[in-house]
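What the coordinates show
Listed below, chain by chain, are the residues.
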Amino acid sequence: MSSFSLPQINDNPEGGWGPSTSNLPSQFKFKDIPYAPYSKSDKLGRFADWNDLSGDSRPTNLGLSAQANARSGGQGRGRRDGQQAFGSGTASAFAYFHAEDESSFSLVDNKAGAARRGGPMTRGRGGGRGGNNYNRGGGGQRGGRGGFNSGRGGGNAQRGGRRGWRDWEKNGRTRESSVAISPDWAMLEEVEFHRLAKLRLEVDEPEDLDTYGRVFPYDKAYDRITTKSEKPLQLLDRIKYNPTTSDDPVIQELASKDTATIFTTDVILSVLMCAPRSVYPWDIVVVREGNKLFFDKRDGGPFDTVTVNENAADPPQDPTTTNPNNPNEKVVVPETPSINNATSLSLEATYINQNFMFQTVTETPPPPSVEFSKPNPFYGPDETEPLASCGYRYRVFDLGITEDEDIRLCVRTEVDAYTPGLGNPAEGQGLVTVRALNEFDSRALGAGGAPDWRTKLDSQPGAVMATEMKNNSCKLAKWTVQSVIAGADLLKIGFISRVNPRDNTRHVILSTTSTRPADFAAQLNVSLANGWGIVRTVADMCMKQPEGKYVLVKDPNKPVLRLYAVPANAFTVDEEDDEGGFDGEDGDAM
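A quick note: this is a predicted structure, and the numbers were derived from the prediction, not measured. (Residues numbered from 1 in each chain as written. Predicted model: local features only at pLDDT ≥ 70, side-chain atom pairs only at ≥ 80, totals over all residues. Heavy atoms only, no water.)

With that out of the way, let us pick up the pairing of strand 5 (residues 283-289). With six of seven residues buried, strand 5 lies mostly within the body of the structure. As paired strands, strand 5 and strand 14 (residues 548-554) are joined by six bridges and run antiparallel to one another. By the bridge assignment for strand 14, valine 286 is matched with tyrosine 550. Note: strand 5 against strand 6 (residues 292-296), five bridges, orientation antiparallel. Across the sheet, valine 286 pairs through a bridge with phenylalanine 295, a residue of strand 6. The turn linking strand 5 back onto strand 6 is made up of two residues, and glycine 290 within it adopts a positive phi angle of 65 degrees. (Buried < 20%, exposed > 50% of the residue type's maximum accessible area, 1.4 Å probe, protein only. Helix = DSSP H or I, 4+ residues; strand = E, 2+ residues; numbered from the N terminus. Pairing = 2+ DSSP bridges.)

Following this line, the structure appears as C-alpha cells:
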C-alpha cells in the first residue's frame, strides 16, 4: 500500500500572510526575485505583444524587420496611435533581453508578398474612401478622412486619440501655469485628482453669523424673454466688491475672535470644491497664522474672470505667449488678436455676467430694496458711483469628523437679488444668485459643437443646456456650489449672444432659465460631500506645515495639485511694484 508523507511546512511566526523573512527555507528558489510594482487600477494587457515597441530603444521586436514593423503601425494592430497597452513595459524587473541573438538574426525570405485587392477588413470596393488599408479611415494615398495608419482615427498620431478633419488647425494643448513657479519654492505635497474624487465628508447646515449689504428685487420680466423678443444687454456703471479673504475687515474681526479655523470666500471655496473638474490652471494663496488658515486669491488672477468652454473637447486656445519660466523663449505674436481666443472670451464672459447681474434687478420701487442687518463693509464715504445689488452672508460650516474635533470654516457668501413674495430676504428667504452663459460663434474653433441658440433655444432648450453642461461643467458646478453655500433659493442663468458673431462688444439676452441649486447640482452630478472632503484634506495638508505662506497650484497640463512653500513677501503689492506690475489699488472692485 502506497504511503504519503506531508512536506515540511514553514509557518509564519509573525502571524501574517506568506512566508516570513526571518524563516525562509534554504531551498527557497524565489528568494531573490525582485518585486514588480503594480496598481489595482491598471488594466491587464497582453501576456505577450509581439508587435509592440519595447522600452530598450530597440528598433524592432523579435526578429521583425523595420519594414514589417512599419506596416503594422509600430504600435500593434488594432490599437489607437499614441496609446500604449496597459501593463506593457511598466515592470521591467523581469525583462530578459537577448540583444546579441537579435542583432545576428535576419529574415531568410524577404520577398514582398502579393498585394491583396481591397485590403484586410475593408467594406467592399478596395478600401472605401480612405484608401486601401485598414478600416474606414485607414491610410491610402491621400489619407481619406483619417491619415496613413490603421484604425478609424487615422494616422501617425503624435498626441494620441482620434484624428480627423482640420487637424492642422488644432493648436497644442500645452498651457502655461497661472503663476510663475520660482526655483526657490519648495514643493511640499502633490495630489492627483483621481484621489480627490474619492473623498467624502458630510457637513451639517451652516450657522449664520451676520449679513451685510443691500439686495434689489429680481425683475421677473426677464424670465419671459424668448429669441423672438430678445432684449439688448445694457452697460451699467455699478460697483461690486469682491476682495480677497485677507482684505476683508469683517473676516479679520471674526478671526480675532477665534470664530473659526479656516477663512475663505465663496469664489475660492467653490474652485477648491470643484477642483477635479477644472482644466485651466489656477492657484490659491494659503497663509497660516497660528492655528488659523486664510485662503486668498491673487490680484488679477484667474478668480477674477469667467472661463468659456473650459471642459470642451477642443477648448478655445490662446496664441503662444512667453513662458514665465523661460522668458528668453522667442514667440511669434499675431498682428491682430482674435476675439475668440481664450483670454478675449474670458474677459467678454466676465463683462456679460456683471452687466446681466446689474440689469436684471429693479432698482426703483415697488417692490422696495431690502437692507441687510449692516451696510456694505467695503463701500467708503468717498465713493460716488452707485452700489450694485449684492448681499454678503458670513456663514460657518463645521468640518469636524468627530464631536470633539473643532475645525470650523468661515466663508463670505454672496447673493445678487431676491424674489418678491417668498418671505423675508433679511432672514435668508427668497434669495437669488444671477449668472449668464454666453454664445460667441457656433462655427468658430472652441465652440464645442454648441447649436445655434437663436434657432434651438426656444424649440430645444434641453439640448442647449446639455451642451453647456458638457462644455462648461466646471463653471456651472462652481456657480451651483456658490449658490448652495450662500443659501440661495434660486439660480437664474441667462443665455446671452452676440448681435454679430464678429463683434464682441454688443450682446442681446435671448432667454433666462431658473432652477433650484440643489436640483441643478444633482443634474450636474456635483457632490457637495466630495467637495467638503477636498477642502478638509487640503486644510489638513496645510495645517501640517509650519506657520508661513504657501501656494496651492493646479498643474496647467495635468490633473494634479501641488503645494509650494513661498516667501512671506510673495504676491504682495510691493513685490509686484518692484517687478513693474500693476499697483493693485482697484483690483478688488469689480
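Positionally, leucine 201 belongs in the loop between helix 3 (193-196) and strand 2 (207-217). Relative accessible area serves as the criterion here: at 11%, leucine 201 is assigned to the buried category. When the C-alpha positions of leucine 201 and glycine 400 are compared, they lie 9.2 Å apart, and in sequence the two are 199 residues distant. In this structure leucine 201 touches Leu399, Ile401, Ala529, Trp532, Gly533 and Arg536, once residues within four positions along its chain are discounted. (Contact = heavy atoms within 4.5 Å.)

Cis geometry marks the peptide bond from proline 365 to proline 366; its omega dihedral reads -5 degrees. Unusually for a residue other than glycine, aspartate 258 sits at a positive phi of about 55 degrees. Within the fold, aspartate 258 resides in the loop between helix 4 (249-256) and strand 4 (262-265).

Bringing a negative patch on the surface into the picture now. Together, Asp204, Glu205, Asp398 and Asp406 line one region of the surface with negative charge. Its place among the elements puts aspartate 398 in strand 8 (residues 390-398). (Patch = residues over 30% accessible without salt bridge, like charges linked within 9 Å, V, L, I, M, F, W, Y side chains within 5 Å. Areas by Shrake-Rupley, 256 points an atom, 1.4 Å probe, with all protein chains shown as cover. Salt bridge = Lys/Arg side-chain N within 4 Å of Asp/Glu carboxyl O. Lys, Arg positive; Asp, Glu negative; His and termini not counted. Charge placed at Lys NZ, Arg CZ, Asp CG, Glu CD.)

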